[in-house]
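Topology and contacts: notes
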Amino acid sequence: MAEKTKQKKPAPKKEPQYYRTDTGLRAYNYKVYYMSPIEKILYFLLAFIAGAAVGYLFYGGLAKNEFGEPTVLTYVLNVLISGAVGIFAGVMFIPMRTKQIIEKQRNKLNLQFRDLLETLSTNFGAGKNAPDSFIAAYNDIKIQYDESAYVIKELQIILSSLNNNGKIEDCLASLGERSGLEDIISFANVFRICKNRGGNYKDTIRATYEIISDKIDVTEDIKTVVTSSKTEQNMMLVMPIILIALIKAASSDFANNFTTTYGILATTVGVAMFILAYFIGKKILDIKM
């Protein structure tokens, strides 16, 4: 019986950084961030230098002769170990930095969206309909933010859609999908229901604004509380590096103990424990709302 040829599953497509709207504008995808080649090189070099320095500090000076003098193998190992640690640090740092940038831009969008809801609530409270409220909100938000702000770009997409007989609820749904933020997704769904069933825009937007505002305030309070813990965590991660540097600078004879078999083993175990403790602490302190 002939074996069936196994079909390889196509590789999942990467999400684009921008989507093209029906009116030809570019809509930003807040769930991803793709570094430019220059950014990758700079971040890699930054992490490589730091990693190579740490690698040399902990494992430099191996394979010396019986007189404590460096050999050719010592220099080779210095380059290989420092380079390996530097490359590892560079490779690990880029996705970590990318995640930080994504979280930062989503937090910024959430704050700006809260301000938009506050302005919309005022406009709906003045008796304006939905299109006029968004137009007035755009004029108000322009005073508060510059043209590069996320909320300005999103309002431009909404107004462009209105000028071409588009629907506000579709633009809000698109924003919710591109941002991945539950608050925006929920608001887009509620706004669509209000429009289709004749709900009260004023009360709905005011309630949504208060919920998002309360969540942001609580999140900021939590960040304030855990800031000191995060600072202590970072200090504890740096302390072994400072301690080893001081020991090696103060006493070269004692520093030679780090190049012995037991010294290398103890150093490796210690570094592994500190790295593990850092990621566990980071996971504990990463509180989501």
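Worth saying up front: this structure is predicted, and the values here are computed from it rather than measured. (Residues numbered from 1 in each chain as written. Predicted model: local features only at pLDDT ≥ 70, side-chain atom pairs only at ≥ 80, totals over all residues. Heavy atoms only, no water.)

A few words on the overall build of the protein. Summing up its helical and strand segments, the protein has nine helices and two strands in all. When the elements of the protein are put in sequence order from the N terminus, they spell out β-β-α-α-α-α-α-α-α-α-α. Here the C-alpha radius of gyration of the protein, 27 Å, is well above what a compact globule of 289 residues would show, namely 19 Å. By its C-alpha atoms, the protein is 90 × 65 × 40 Å across when sized along the principal axes. Summarising the internal contacts of the protein: among those between residues at least 6 apart in sequence, 60% fall at separations of at least 24. For the protein, the accessible surface area stands at approximately 18600 Å², while carbon and sulfur atoms represent 62% of it. (Helix = DSSP H or I, 4+ residues; strand = E, 2+ residues; numbered from the N terminus. Rg over C-alpha atoms; globule rule 2.2 N^0.38 Å. Contact = heavy atoms within 4.5 Å. Areas by Shrake-Rupley, 256 points an atom, 1.4 Å probe, with all protein chains shown as cover.)

Given a rise of 1.5 Å per residue, 15 residues ought to cover 21 Å, and the 21 Å separating the end C-alpha atoms of helix α3 (residues 130–144) matches this to within 8%. The set of residues buried in α3 consists of Ala130, Ser133, Phe134, Ala136, Ala137, Tyr138 and Ile141. Next to the buried residues of α3 lie α2 (72–125), α4 (150–163), α5 (168–179) and α6 (182–197). (Expected span 1.5 Å × (residues − 1). Buried < 20%, exposed > 50% of the residue type's maximum accessible area, 1.4 Å probe, protein only.)

For the rest of this paragraph, the subject is the environment of Phe44. Among the secondary structure elements, Phe44 is positioned in helix α1 (residues 37–59). With 46 residues separating them in the primary sequence, Phe44 and Gly90 have C-alpha atoms 4.5 Å apart. When sequence neighbours within four positions are dropped, the list of residues in contact with Phe44 reads Ile87, Gly90, Val91 and Ile94.

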